[in-house]
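# Structural overview for review
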Amino acid sequence: MKRFNIFNSTELWQRQTSLPSIPTFSRSLDNVFGNEGIQLGSITEVLGLPGSGKTQLCLQLCASIQIPKVLGGLNAEALFIDTNTNFTVSRFIEILNASLTKCQMLLDTPIDIGKDSSLEKLHYVKTIGLEKFCAFLYRLPKFMEEHPNVKLIIIDSITFPFKEGISAKQRTGLLFRQMADLQRLTIDKQIAVVLTNEMSTRIGLSTGSVVGALGDAWSHRCNKRVLLSTDTSPSNRLALLLKSNDSPNTVGRFQVTQEGIRDIE
Amino acid sequence: MQALEVLKISSLSETVLKSLSQNRISTLFDFLDEEITKLSAITKLDISQVLAIRNEIFAKFSAPLANGSSLLVKSIIHKNKLNTGIQSLDTILDGGFPTGYITEICGLADSGKTQLCLQISINCVKQSDSNVLYVDTKGDFSAIRIQKMLDAYGCSPKEMALIMFKIKVVHIWTMEELIDFFKHLKKETIAVEKLSMIIIDSLPCLMFQHLGDDSKIGLTFLNTFVNYARYLCKELNVGVICVNIQTRWVDMDAADLDDEADTTDREHLYIEKKSRCLGKYWSHIPALVIKLDKVHDSNSSDTEQCSKVDVMVVKSNSLTNFNLKCILNICDLGVT
């Protein structure tokens, strides 16, 4: 017989507040995602047109997860599931080094952050095509058992594997099954999942014809949806919270710099 | 199906039951399904006795008869409305959500469905010493949000803890699990004391997992779920609230295109329709359907962190006036 755990909400509150969030290195953006960044135990969807900074944000998060515990970080590892080969390791090293240097500056006594060992803390999977993607997600619980210190899973992007070879109905069914399994992991193991999604066009909608891809049913699925867009200046970005289970819809401003995601001064 | 033993009829002695089970007749259904002469031969009872047992089964297990006055007494004894604690909503619902029935809350993404559910569960346990069971299917239950709402309301930490203790949460990820869970509730192998409401947020999240499946197994699950939910509604006298979602469909108006394409604004050529999910079968199930619609107000959206939601009663089995509307505010304080 399967056991059902009935929690009361005080227990859940203790669990949800016991671990720190993953900061984005931009206070304004942290406020959009939650109080101090991306909360563990939730699925966040990042939307945006090409060049709006989705992948940059993902890389920054992979670096942020390594912030040492003395600075209130998680000192954990990240898993990057790359479906559209957007990942570049040189860019990641740039952001990672900048983030770790910033942490060093905040500490009086230098801590031992080996550059090689910090690179070891990123697990990277390239999945080309729907079959490989599904197969990896199927094996994900096993991967999590073997790597208990992974606290962040990035899927960049969720749309790409579903581009062809599957009907809309089957796609929604499969996506919801995968998300249910993923959500079970996030709650049980208290990890954060960040998905990126592309924009698509639906002509005739009253709220504007450019909407997130994968349809209306999908738009309910993630706990939080954030839309990224460019601002007047080329490096500046806007983030708009489209849906959230715990905070009002706000707008944040940040910029993508050489060092990664930063506040606009 | 129930075993023959539950009958407790004197003619069905242990030896008779044994010989019946040797012939693979162990449940009530097996017994009714078998020919009378054969049964008589197996049990060594005469035919009239076998017929008597059959009648006993029918009398005991067929749907019971009731008359109007006894139904009235029943409905007066039981409290039949669950106060939502939100005044404007209570007014259009004529006192609150009905107990003993399934209620549906539907709306588009970000229309405030989860927020309303959280607020209702807070209000419901605040007014009484009853418990609320929150079935969370997409990890949307945020205890942090509940705590913030209570904090903004001015509750002391002790009051908060008391209220939050009475909101029970269970995480369910598949339709099979949901049905299994309800089965346990029915058999009372899992019991929540003083239960007044079960909130399922959200049902499509489970049902969509079976989309694109040729076997239509999803419908079977939905039907089984509805049966259990209805049983629990009546038996425990609780309200069951299901969250449903809406999707938008865009149609091109072909007639307009031919006749007056020049005069009409291009915007009017497209007709946006919103439809409730979960299909035709489900659309008849809930006794009360309320629809949430976010008001897109361009004037006041940025200045205050408050959003307005239009609430409308779409379907009801007891209200004489539908299409009643009210407007709720969602802000830090919660839903008012």
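Residues numbered from 1 in each chain as written. Chains lettered and ligands numbered in written order. Predicted model: local features only at pLDDT ≥ 70, side-chain atom pairs only at ≥ 80, totals over all residues. Heavy atoms only, no water.

### A closer look at unusual backbone geometry
The test is simple: Strands are runs of DSSP state E lasting at least 2 residues, helices are runs of H or I lasting at least 4, and numbering of each runs from the N terminus.
Between A:Asp156 and the following residue, A:Ser157, the backbone shows a cis peptide bond with an omega angle of -5°. Topologically, A:Ser157 is positioned in the loop between β5 (150-156) and α7 (168-189). Omega for the peptide link from B:Asp201 to B:Ser202 comes to -5°, which places this bond in the cis form. Relative to the elements of secondary structure, B:Ser202 occurs in the loop between β6 (195-201) and α11 (203-207). Located in the positive-phi region is B:Lys44, a residue other than glycine, with phi close to 60°. For B:Lys44, the position within the fold is in the loop between α3 (36-43) and α4 (47-61).

### Structural notes on the packing of helix α6 (residues 130-146) of chain A against α7(A)
Residue and element names in this part refer to chain A. We apply this condition: For helices, the fitted line uses only the C-alpha atoms of the stretch in contact; every axis is such a line through C-alpha atoms, and the angle between N-to-C directions lies from 0 to 180 degrees. What sets the label is the angle itself: under 35 degrees gives roughly parallel, over 145 gives roughly antiparallel, 65 to 115 gives roughly perpendicular, and the rest give oblique. The sense of a crossing depends on the near helix, which, turned anticlockwise from the far helix by less than a right angle, makes the crossing left-handed and, turned clockwise, makes it right-handed. Contacts are assigned to residue pairs with any non-hydrogen atoms lying within 4.5 Å of each other. Just so you know the grouping, Ala, Val, Leu, Ile, Met, Phe, Trp, Tyr, Cys and Pro go in nonpolar, Asp, Glu, Lys and Arg go in charged, and all remaining residues, Gly too, go in polar.
In the contact formed by α6 and α7, the axes pass within 11 Å of each other and the chain directions differ by 20°. Here α6 lies roughly parallel to α7, going by the angle between them. Here α6 and α7 pass one another in a crossing that is left-handed. Facing Leu130, Phe133, Cys134, Leu137, Leu140, Pro141, Met144 and Glu145 of α6, the residues of α7 in contact are Leu174, Gln178, Leu182, Leu185 and Lys189. Taken together, the residues that form the contact of α6 with α7 break down as 10 nonpolar, one polar and two charged.

### Some thoughts on the interface of chain A and chain B
In plain terms, the rule: Note on terms: buried area is the combined drop in 1.4 Å-probe accessible area of two parts once they are placed together, counting the loss on both. We count a salt bridge whenever a side-chain nitrogen from Lys or Arg sits within 4 Å of a carboxyl oxygen from Asp or Glu. Within 3.5 Å is the distance limit for a polar contact, defined as a pair of N or O atoms, with the added protein rule that one can donate a hydrogen and the other accept it, and that residues adjacent in sequence qualify only through two side-chain atoms. Pairing between strands is defined by DSSP: at least two bridges between the two strands are required.
Between chain A and chain B, the residue contacts involve 46 residues of the former and 53 residues of the latter. Taken together, both faces of the contact between chain A and chain B bury some 4500 Å²; the carbon and sulfur share is 58%. Area buried by chain A at its contact with chain B is led by A:Phe4, A:Ile6 and A:His220, which between them contribute 16% of it. Inspection of the chain A/chain B interface yields three salt bridges. B:Glu177 is the salt-bridge partner of A:Arg184, the closest N and O atoms lying 3.1 Å from each other. Our enumeration of links across chain A and chain B arrives at 20 residue pairs in polar contact (both at pLDDT 80 or more). Taken together, the elements giving at least two residues each to the side of chain A that touches chain B come down to β1 (6-8), α1 (9-18), α7, α8 (215-218) and β10 (236-243) of chain A. The greatest single-element share of the side of chain A that touches chain B, amounting to 10 residues, is contributed by α7(A). Residue composition of the side of chain A that touches chain B, by class: 15 nonpolar, 22 polar and nine charged. Summarising the sheet, β1(A) and strand β5 (residues 167-171) of chain B pair through three bridges and their orientation is antiparallel.

### Points about the pattern of salt bridges
The criterion, for reference: Under the scheme applied here, a residue whose accessible area is under 20% of the maximum for its type counts as buried, over 50% as exposed, and between as partly exposed, the area being computed with a 1.4 Å probe on protein chains only.
As enumerated under the stated definition, the model contains 17 salt bridges over all chains in all. A salt bridge links A:Arg253 to A:Asp231; the shortest N-O distance between them is 3.5 Å. Residue A:Arg253 is located in strand β11 (residues 251-257), and its partner A:Asp231 is located in the loop between β9 (224-230) and β10; the two are separated by 22 residues in the primary sequence. Measuring nitrogen to oxygen at the nearest pair gives 2.7 Å for the salt bridge that ties B:Glu104 to B:Arg276. Of this pair, B:Glu104 sits in strand β3 (residues 102-107) while B:Arg276 sits in strand β8 (residues 270-276); the two residues are 172 residues apart in sequence, bridging distant segments of the chain. On the basis of relative accessible area, B:Arg276 is assigned to the partly exposed category, the value being 25%. Connected through shared salt-bridge partners, A:Arg202, A:Asp216 and B:Arg248 make up one network.

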